[in-house]
Amino acid sequence: MKSLLRYYNSICVPKYQRLGFSKRNMTLARIYGDTLQVFSLKCFRNTSICSVDFGIIPLCMPGPIFLEAGGYNLDMFDLEHYAKHAGWIYDSKSNESIVSCIQAVSNTIDIYLLPILERCRDCKTTLSELISLEELFDCHRKRALALQGDLDFAVPWQERSLFDSRKYYMALKSRSFDYARKYLNHQINFYKNELDLLDKPGSPKQPPIVRAGFLSKLETCKEQLQWIDAGEFSNLEDLLNSNEIQMRKFLLTKFSLV
């Protein structure tokens, strides 16, 4: 009897290693330009369902990172599949079902994911691709809810997107300062609101470290916004260069990625 993981390792891993990906546990990763591209097979515990998470991480962001922390899910490319259920269902007692499942996963990677990864040549192209991808995924999410007759209570995708620090560092590296300003102003408002909530009567008591953390992040965002507004790009370049040196060292030491 085939095992799903063994079959994935025997069929998919060699296929994607030829494209420059290295394997660690169930994750395949490669450095591509000034970013790290990752995707991971996920098998849900106590079920016969698998899926694939993927993500693109700028090398200029602070480390360390977890290779498994992708941020996006392969399910969301296929509206019909996404509307029915999350992940690919297989019968663990059927060789035919396992083979069919892995073929479906691999086909989805080949048709949808790989072309995007190939277009993401650097931080500038990656930022643009990810913003477009998030808009597409949100459209699929809304259509899936409509097909199921469910209401949509989510905040706009643009607002959710501005919590992603990876895209912020891509914006800094590519000098997309309009996006960087938008991100920083969003973060500043968020931390101010969180601090205001801590001071409201009846709010749950929080340990001092919570307030200190919010204040520290708020000041960092304010400082970096001042750098951008003042045109002090050398400070940002020093920060990005230092981050990238440390990130490359971490990836080489921890995961043998170069």
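Our structure is the block above this text.
Note that the structure is predicted; figures quoted are calculated from it, not measured.

Novice: Report on unusual backbone geometry, specifying residues and quantitative values.
Specialist: Put simply, G63 and P64 share a cis peptide bond, and its omega is -5°. Mapped onto the secondary structure, P64 falls in the loop between β4 (49-58) and β5 (72-73). Residues other than glycine seldom take positive phi values, yet N25 does so here, at roughly 55°. Along the chain, N25 falls in the loop between β1 (22-24) and β2 (27-32).

Novice: An account of the packing of aromatic side chains is needed here, citing residue identities and associated values.
Specialist: Enumeration according to the criterion identifies 14 aromatic pairs in this entry. With a centroid separation of 5.5 Å and 85° between ring planes, the pair formed by Y16 and F39 is classed as edge-to-face. Taken together, the positions of Y16 in helix α1 (residues 4-17) and F39 in strand β3 (residues 35-43) put the pair 23 residues apart, joining distant regions of the chain. With respect to class, Y16 is no different from F39; both count as buried.

Novice: Break down the pairing of β3 for me, with residues and values.
Specialist: Of all nine residues making up β3, seven are buried, and the element is well covered by its neighbours. Both β2 and β3 contribute to a ladder of six bridges, which runs antiparallel. Residue pairing across strands places T27 opposite S40, the latter belonging to β3. Here β2 folds back onto β3 in antiparallel fashion, the turn holding two residues, of which G33 has a positive phi close to 65°. With nine bridges connecting them, β3 and β4 associate as antiparallel partners. Across the sheet, C43 pairs through a bridge with C50, a residue of β4. Linking β3 back to β4 in an antiparallel pair, the connection comprises five residues, with N46 at a positive phi of about 65°.

Rules used in this analysis
- Residues numbered from 1 in each chain as written.
- Predicted model: local features only at pLDDT ≥ 70, side-chain atom pairs only at ≥ 80, totals over all residues.
- Heavy atoms only, no water.
- Helix = DSSP H or I, 4+ residues; strand = E, 2+ residues; numbered from the N terminus.
- Phe/Tyr/Trp six-rings, centres within 6.5 Å; stacked < 30°, edge-to-face > 60°.
- Buried < 20%, exposed > 50% of the residue type's maximum accessible area, 1.4 Å probe, protein only.
- Pairing = 2+ DSSP bridges.

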